[in-house]
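Each chain, written out:
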Amino acid sequence: MSTPTTPNAKAPLMETIPMATAYYPAQPNTPITPTAPPERSYKFRVKELLNQLWIWEALSCVVSVIFYLAIMMELKKYNGSRYGEVGDTKTSGKAKAPIFPILSFLSAIMKAAMLMPVASAISQSKWIWFRKERKLAHMDRFDEASRGIIGSLRLLFTIRFMNIAAIGALLTIFSLPMDAFIQSSVQISPKRIINQRPFKLENNKSLTDQTYLARTTQFTINSTQVMTTPDNAWPQTDLINGIKFGISYMSGIQDAITANMPVQCPTGICDFGRYQTLGVESMCIDRSKEIMETRPNGFNYTLPGTGLTLRKVLSKPNPQGLITAKSTNNTESTLFPELGPRIVRTTLLINVWDSGEPVAMDCMLYWRVRTRDGFLNITSGLVLEERRVPNATISWTPKTLPGGVSYSIVPDECWVNNTKLVDKDSKDYENNCVYFVGYIGNQALQRFLLDDEDGLVGDSYMYSMNPKDFSRTNHFITNVYELAVDGDQLDFTGTPNSDGALDKMFNNIAYMMTNTIRNTYREHPENTVNPNMRRFQLHVNGTIYQDVFFYHVLWTRLALPSMLVFGSIFFFILTAIANQSGETWKRSSLPLLFHGLGTPERIQAGEPTTASEMLEVAKNMNVKLAMTGEGMRMVGHEAGRM
């Protein structure tokens, strides 16, 4: 037998031995009889039926749908539930497995079941493709596409959507991110809920969903203490310390001590809503333009109408004046608006700067009903933050008594526990919305603020520059001096758009007075039997929250997995319908062995031995599956037909 020669033919790797001589040496000319068709037993018929009707592929589609529904049910069960447990978050304490491993397991099986009929349909599309004359190399493209994503991409570039196999290739490609889409559909979002877990406190009490914040509607004799005689009462020690704290706060204390209201909030997230309490507010006015220079006994700075004078220069034996301040409870002045009953007015004249320009300030402390929105969370630094809201306009009625003047104060809007009270005839309104400042408590507070040693008064002088020799001053003047020398005149007085250092000091004084006063007790008007039991404290009810994490399913992200699952079923059914008139060979390689190239095509191809050689020959050979005189073969257009 001679070997046909082609331009690419190579010499045989071994001597060609005729088949009859190699396997039947004793009878070289014995004709070969075709094998009889296999017996069509029951088992054979069942296998054929399963193959022809695509039963295994249909079962795979059913499995993929079952696991798809299982994923949907699992997501529905977890959606809206608390992370770590499923069900009612108030009663369920049984921990559940996180959803992500469950989704990974279910989606892996669903994906495998989905791709099985896709791979079979792509392989069957190969035989449909070769019903017309195609490049023999396309056979490789279809086989690669049935095995994975790279092959599917190459098939798309080969057939260019001219065959239904392109649908299968797209399904295979887009199945790659399917797991990621399923996992990303589950978001774990924080949600703020009312706390349900009790927290034990030091006093053997517990807090669960409610906490409390002190407030008061009264400042009376209960807020005072006797210093020397009953007629010389001062505020209680906690209020005295609060005032001193406010004076000192900007002079370094703020770096070490907090001025926030104490509140029990074990979760760090509490909300008190809107409320009101009796408090103090301040206002400062810059009067520097009113300063005059006078010349008796040297140059002096004077603030007309106040009696304040500072010596401008240092000359022995006259010291230079640095600061002079005086306070009065005679608060009648048209300089300040009528914001509320006035407590004390403080006027200061300061000359501590090298520029020689002095400053004059006038400050007033008022009784006010302070309106606040209180909350505590991580944005507030886990301390109580009280948002300032416009204070209600108040009306007050002075009541002159033998010992002094008391005040009854009523706001035009009353807020308690985030609720606006409007029924002025109700008991709640009377107990919560009518504020009272007793004359004994008010006089005690004024007495302290006017005290020469501890009050908002005093002077500071410099006797010598080198070495420096200053007069001894009190706590208030010392802190005013520190604030003044830490900046210039503008820093001290402020601008129309920002508070100056002295204004901030008085704000701090008012803030600390309010915080201390609201923690004092009031007398219970109905308890006349036991005076020791007549004291109680008003409070604001606050809600304790906690941040927990909940599962939230983004259903729109499941669009791709849904399209892939049901798209694979559609593609499988479409391929089965398109193949009704042909053989169902699917992914089997046996048809290529039984129905390979026809003899002319085989002779034309020669004997390529490497994969690259076979691919080059296949690229230049157009064939199709047709019936010939040799049977079903892959033949070109020149081959004889039967």
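If you're wondering where the values come from, they're calculated on a predicted model, not measured in any experiment.

S.K.: What's the story with the sheet that holds strand β29 (residues 622–628) in this structure? I'm lost.
M.R.: Sheet strands pair by backbone hydrogen bonding; their relative direction is either parallel or antiparallel. One open sheet accounts for three strands, arranged β1-β29-β30; its pairing is antiparallel. Edge positions in the open sheet fall to β1 (134–135) and β30 (631–635), since each of these has one partner strand only. Pairing between β1 and β29: two bridges, direction antiparallel. Each bridged residue has a counterpart across the sheet, and for K135 the counterpart in β29 is N622.

S.K.: Can you walk me through the environment of Q183 in this structure?
M.R.: Among the structural elements, Q183 can be located in helix α8 (residues 178–184). For Q183, a relative accessible area of 21% puts it in the partly exposed group. The residues touching Q183, leaving out its near neighbours within four places in the chain, are F100, L103 and S104. Only 3.3 Å separates the side chain of Q183 from the backbone oxygen of F100, close enough to count as a polar contact.

S.K.: Would you mind showing me how to read the side chain of S107 here?
M.R.: Assignment of secondary structure puts S107 in helix α4 (residues 99–129). A polar contact is formed between the side chain of S107 and the backbone oxygen of S104, at a distance of 3.2 Å. Beyond its immediate sequence surroundings of up to four residues, S107 is in contact with I71, D179 and I182.

S.K.: How should I be thinking about the sheet that holds strand β21 (residues 435–437) in this particular structure?
M.R.: Ordered by their spatial adjacency, four strands build an open sheet running β6-β21-β18-β17, and the pairing between neighbours is mixed. What marks the edges here is a single partner per strand, and that holds for β6 (218–219) and β17 (394–401). Alignment of β6 against β21, held across two bridges, turns out to be parallel. Counterpart to Q218 in the pairing with β21 is F436.

S.K.: Would you mind showing me how to read the state of the cysteines here?
M.R.: Any covalent bond linking the sulfur atoms of two cysteines counts as a disulfide. Counted according to the given criterion, the structure contains three disulfides. Here C265 connects covalently by a disulfide to C270, the sulfurs 2.0 Å from one another. Around the S-S axis, the bridge from C265 to C270 shows a dihedral of about 105° and counts as right-handed. Pair check on accessibility: C265 and C270 agree, each one buried. A disulfide bridge connects C414 with C433, and the sulfur atoms are separated by 1.8 Å. Handedness here is read from the sign of the S-S torsion; for C414 and C433, about -75°, the answer is left-handed. Taken as a pair, C414 in strand β19 (residues 414–416) and C433 in helix α10 (residues 427–433) lie far apart in primary sequence, 19 residues in all. For the pair formed by C414 and C433, the shared burial category is buried. Taking only the cysteines that form disulfides and numbering them from first to last, the protein chain has the pattern 1-2, 3-4, 5-6.

S.K.: What is the right way to look at the pairing of β17 in this model?
M.R.: Two faces, one strand: in a regular strand the side chains alternate between the faces of the sheet. In the sheet, β17 pairs with strand β18 (residues 404–411) via eight bridges, with the strands oriented antiparallel. Across the sheet, the residue bridging to T400 is V405, located in β18. Between β17 and the antiparallel strand that follows it, β18, lie two residues.

S.K.: Could you clarify how one ought to interpret the pattern of salt bridges in this entry?
M.R.: Two side chains of opposite charge can pair, provided their charged atoms sit close to one another. Scanning the model with the defined rule gives 16 salt bridges in all. When the shortest N-O distance is used, the salt bridge between R274 and D373 registers 3.1 Å. Pair noted here: R274 is in strand β9 (residues 270–286) and D373 is in strand β15 (residues 359–376), with a separation of 99 residues, a long-range link. R274 gets classed as partly exposed once you look at its relative accessible area, which sits at 25%. Of the residues examined, D373 reaches a relative accessible area of 12% and is grouped as buried. Through salt bridges with shared partners, a single network forms among R287, E290, R345 and D362.

S.K.: I keep staring at the packing of aromatic side chains and nothing clicks. Help me out?
M.R.: Both the distance between ring centres and the angle between the ring planes are used here to describe each pair of aromatic rings. Counting across every chain of the model gives eleven aromatic pairs. With 5.7 Å between their ring centres and 55° between their planes, W54 and F572 make a pair best called tilted. Of this pair, W54 sits in the loop between α2 (42–52) and α3 (55–78) while F572 sits in helix α15 (residues 559–578), and the two are 518 residues apart along the sequence. An identical accessibility class is assigned to W54 and F572; each is buried. Each ring, one from F219 and one from W367, has its centre 5.1 Å from the other, and the planes form 40°; the classification is tilted.

About the cut-offs
- Residues numbered from 1 in each chain as written.
- Predicted model: local features only at pLDDT ≥ 70, side-chain atom pairs only at ≥ 80, totals over all residues.
- Heavy atoms only, no water.
- Pairing = 2+ DSSP bridges.
- Helix = DSSP H or I, 4+ residues; strand = E, 2+ residues; numbered from the N terminus.
- Buried < 20%, exposed > 50% of the residue type's maximum accessible area, 1.4 Å probe, protein only.
- Contact = heavy atoms within 4.5 Å.
- Polar contact = N/O pair within 3.5 Å; in protein donor to acceptor, adjacent residues only side chain to side chain.
- Disulfide = S-S within 2.5 Å.
- Salt bridge = Lys/Arg side-chain N within 4 Å of Asp/Glu carboxyl O.
- Phe/Tyr/Trp six-rings, centres within 6.5 Å; stacked < 30°, edge-to-face > 60°.

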